[in-house]
Amino acid sequence: MPLLPPKHLLLQACRGLPPEDHPVLRCAGLLADLHERRLTAAAPGRIDQERARMVLDIDRWVATELPKAARDAQLHTETVGTVVDRLAQFSALAYVTLASAPDDAINDAALRLTELSIAYEHLATELAAGRRRLPNLTGNREYEY
């Protein structure tokens with residue numbers, strides 16, 4: 001298995017299917033659960049703190065397990081953890097949309113999820129090849145929520 005899981009396994013983890021034994025897949029499933037709970041939460045602060053912890057767990061794993069990129073490699077604007085968090089968010093929104101929204105909303109939700117999953121796969125490929133580097137955002141992220 002490549003260092004970062006392929007998009008189809010990541011999307012399966014976000015939909016609650018048992019993930020393979022990979023820390024990013026485990027976190028993706030937990031993030032999707034948190035996003036589903038967040039959709040109906042009156043006060044999402046505690047959920048957002050847990051999300052921030054999961055994102056940080058992913059980013060720390062990536063920082064230790066992925067090969068280091070060259071100094072002149074192009075910088076990506078987000079970390080892998082934040083991309084996985086958005087995939088989990090879009091997955092939760094798409095699932096909820098399927099249950100209650102008109103066809104246009106379903107198509108929009110599916111398109112956003114598809115485009116982001118393709119972008120994730122491109123990022124994973126570039127990181128594995130050392131052609132892309134990530135920002136170091138492993139500090140306190142509470143200001144984001």
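For the structure, check the block above.
Residues numbered from 1 in each chain as written. Predicted model: local features only at pLDDT ≥ 70, side-chain atom pairs only at ≥ 80, totals over all residues. Heavy atoms only, no water.

Here we take up the pattern of salt bridges. Following the criterion strictly, the structure yields 10 salt bridges and no others. Salt bridges linked by common partners bring Arg38, Asp48, Arg51 and Asp85 together as one network. (Salt bridge = Lys/Arg side-chain N within 4 Å of Asp/Glu carboxyl O.)

What follows deals with the side chain of Asp59. Among the structural elements, Asp59 can be located in helix H3 (residues 45-65). For Asp59, a relative accessible area of 7% translates into the label buried. From its side chain, Asp59 meets the backbone nitrogen of Gly81 in a polar contact 2.7 Å long. (Helix = DSSP H or I, 4+ residues; strand = E, 2+ residues; numbered from the N terminus. Buried < 20%, exposed > 50% of the residue type's maximum accessible area, 1.4 Å probe, protein only. Polar contact = N/O pair within 3.5 Å; in protein donor to acceptor, adjacent residues only side chain to side chain.)

What follows concerns a nonpolar patch on the surface. Side chains of Leu39, Tyr95 and Val96 sit close together on the surface and give an oily, nonpolar patch of about 270 Å² of accessible area. Note on Tyr95: relative accessible area 45%, which makes it partly exposed. (Patch = residues over 30% accessible without salt bridge, like charges linked within 9 Å, V, L, I, M, F, W, Y side chains within 5 Å. Areas by Shrake-Rupley, 256 points an atom, 1.4 Å probe, with all protein chains shown as cover.)

Moving on: helix H2 (residues 23-38). When the terminal C-alpha atoms of H2 are compared, their 22 Å separation across 16 residues agrees well with the 22 Å that a helix rising 1.5 Å per residue should span. Val24, Leu25, Cys27, Ala28, Gly29, Leu31, Ala32, Leu34 and His35 are the residues of H2 that are buried. On the buried face of H2, the contacting elements are helix H1 (7-14), H3 and helix H4 (80-100). (Expected span 1.5 Å × (residues − 1). Contact = heavy atoms within 4.5 Å.)

Attention now moves to the packing of H1 against H2. Between H1 and H2, the least distance of the axes is 7 Å, while the angle of their chain directions is 40°. It follows that H1 is oblique to H2 by the angle criterion. Crossing hand, H1 versus H2: right-handed. Contact residues: H1 offers Leu9, Leu10, Ala13 and Cys14, while H2 offers Val24, Leu25, Ala28, Gly29 and Ala32. Looking at the contact of H1 with H2, its residues break down into eight nonpolar, one polar and no charged. (Axes fitted to C-alpha atoms, helices over the stretch in contact; angles between N-to-C directions. Parallel < 35°, antiparallel > 145°, perpendicular 65-115°, else oblique. Left-handed = near helix turned anticlockwise from the far one by under 90°. Nonpolar A, V, L, I, M, F, W, Y, C, P; charged D, E, K, R; others polar.)

Shape descriptors only; they carry no functional weight alone.
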